[in-house]
Amino acid sequence: DRPTHGKYELNSRHVSKLRSGQRAKARRDTIGFVFQSFNLLPKLTVLENVALPLAYRGMSQTRRLKRAGEILERVGLADREYFMPHQLSGGQAQRVAIARALVNNPHIIIADEPTGNLDSASSRLVMELLSDLHKAGNTIIIVTHNPALTRYASRVVFMRDGTVIADEHSEVGEIPASLRRSMYFMP
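All values derive from a computational prediction rather than experimental measurement. (Residues numbered from 1 in each chain as written. Predicted model: local features only at pLDDT ≥ 70, side-chain atom pairs only at ≥ 80, totals over all residues. Heavy atoms only, no water.)

Student: How would you sum up the pairing of strand 4 (residues 108-112)? Please name residues and give values.
Tutor: Pairing between strand 3 (residues 31-34) and strand 4: four bridges, direction parallel. Counterpart to Ile 31 in the pairing with strand 4 is Ile 108. Relative to strand 5 (residues 139-143), strand 4 runs parallel, the two being bridged by five bridges. Residue pairing across strands places Ile 109 opposite Ile 140, the latter belonging to strand 5. One crossover worth recording links strand 4 to the parallel strand 5 by way of helix 5 (residues 120-135), and it is right-handed. (Pairing = 2+ DSSP bridges. Helix = DSSP H or I, 4+ residues; strand = E, 2+ residues; numbered from the N terminus. Right-handed = clockwise from strand over helix to strand, strands pointing away.)

Student: Talk me through the side chain of Glu 113; I want residue IDs and the actual numbers.
Tutor: On the secondary structure map, Glu 113 appears in the loop between strand 4 and helix 5. Within the buried set, Glu 113 has no salt-bridge partner at all; the shortest N-O distance to an opposite charge, 14 Å, is to Arg 160. One polar contact links Glu 113 to His 145, side chain to side chain, over a distance of 2.5 Å. (Buried < 20%, exposed > 50% of the residue type's maximum accessible area, 1.4 Å probe, protein only. Lys, Arg positive; Asp, Glu negative; His and termini not counted. Salt bridge = Lys/Arg side-chain N within 4 Å of Asp/Glu carboxyl O. Polar contact = N/O pair within 3.5 Å; in protein donor to acceptor, adjacent residues only side chain to side chain.)

Student: How would you explain the pattern of salt bridges if you had to name every residue and give the values?
Tutor: Applying the stated criterion across every chain yields a total of eight salt bridges. Between Lys 25 and Asp 29 there is a salt bridge; the shortest N-O distance is 3.1 Å. With a gap of four residues between them, Lys 25 and Asp 29 both fall in helix 1 (residues 20-30), about one helical turn apart. For Asp 29, a relative accessible area of 17% translates into the label buried. Ionic pairing is found between Arg 28 and Asp 29, a salt bridge with its closest N-O pair at 2.7 Å. Residue class for Arg 28 comes out partly exposed when judged on its relative accessible area of 25%. Salt bridges sharing partners connect three or more residues here, namely Lys 25, Arg 28, Asp 29 and Arg 57.

Student: I'd like to hear about the environment of Leu 10, residue by residue, with values.
Tutor: Considering the arrangement of structural elements, one finds Leu 10 in strand 1 (residues 9-10). The buried category is assigned to Leu 10, whose relative accessible area is 11%. In sequence terms Leu 10 and Arg 155 are 145 residues apart; their C-alpha atoms lie 20 Å from each other. With sequence-adjacent residues up to four places away left out, Leu 10 is seen in contact with Val 15, Ala 26, Thr 30, Ile 31 and Ile 108. (Contact = heavy atoms within 4.5 Å.)

Student: Any details on a nonpolar patch on the surface? Residues and values, ideally.
Tutor: Taken together, the side chains of Val 157, Met 159 and Val 164 define a hydrophobic patch exposed on the protein surface, amounting to about 280 Å² of accessible area. Relative to the assigned elements, Met 159 resides in strand 6 (residues 155-160). Taking the relative accessible area as the measure of exposure, Met 159 reaches 53% and is therefore exposed. (Patch = residues over 30% accessible without salt bridge, like charges linked within 9 Å, V, L, I, M, F, W, Y side chains within 5 Å. Areas by Shrake-Rupley, 256 points an atom, 1.4 Å probe, with all protein chains shown as cover.)

Student: Tell me what's going on with the packing of helix 3 (residues 61-74) against helix 4 (residues 90-102), and back it up with residues and numbers.
Tutor: Here helix 3 crosses helix 4 at 130 degrees, and the two axes come no closer than 9 Å. One way to sum up the angle between helix 3 and helix 4 is to call them oblique. As helix 3 packs across helix 4, the resulting crossing turns out to be right-handed. In this structure, helix 3 contributes Arg 67, Ile 71 and Leu 72 to the contact, and helix 4 contributes Val 96, Ala 99 and Leu 102. (Axes fitted to C-alpha atoms, helices over the stretch in contact; angles between N-to-C directions. Parallel < 35°, antiparallel > 145°, perpendicular 65-115°, else oblique. Left-handed = near helix turned anticlockwise from the far one by under 90°.)

See the structure below:
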């Protein structure tokens, strides 16, 4: 996207100076998206859903499916690659969505409410997976309304009505100080 004001650089390149096709390529090669509602295509198998982004890179079908299979193994779903999305639990579907986001080896992963549709056990599994990806050197940006998920972050940016109201660094495993203070008054 083009910024409304200020400047935005991605890999030392001014995004506003890129043509539409160049921006799309930069997004495809640099950023992985994990959607709250999974956005899996219902008529494709799990393996085909994960392999889909590689088709836009011009990769052969054999190589796409092999790479997708490797990523599914990494997220613990190698035994589900020929299932259809409706045959998966919510946690499994979210791990498929994460696998699809990872298939291009992105440096940045943006996750919109990645645990919003999951039970607590599946949420923990997804957050541990994202935490492992961060430890491996990826930048993970999570948008959430769940204060407990801030335990997985080393930096928490609080926003209200589109404005940054706080920006805190904290140890992974800790809830940031300003959030602890505000939670103290919550029932």
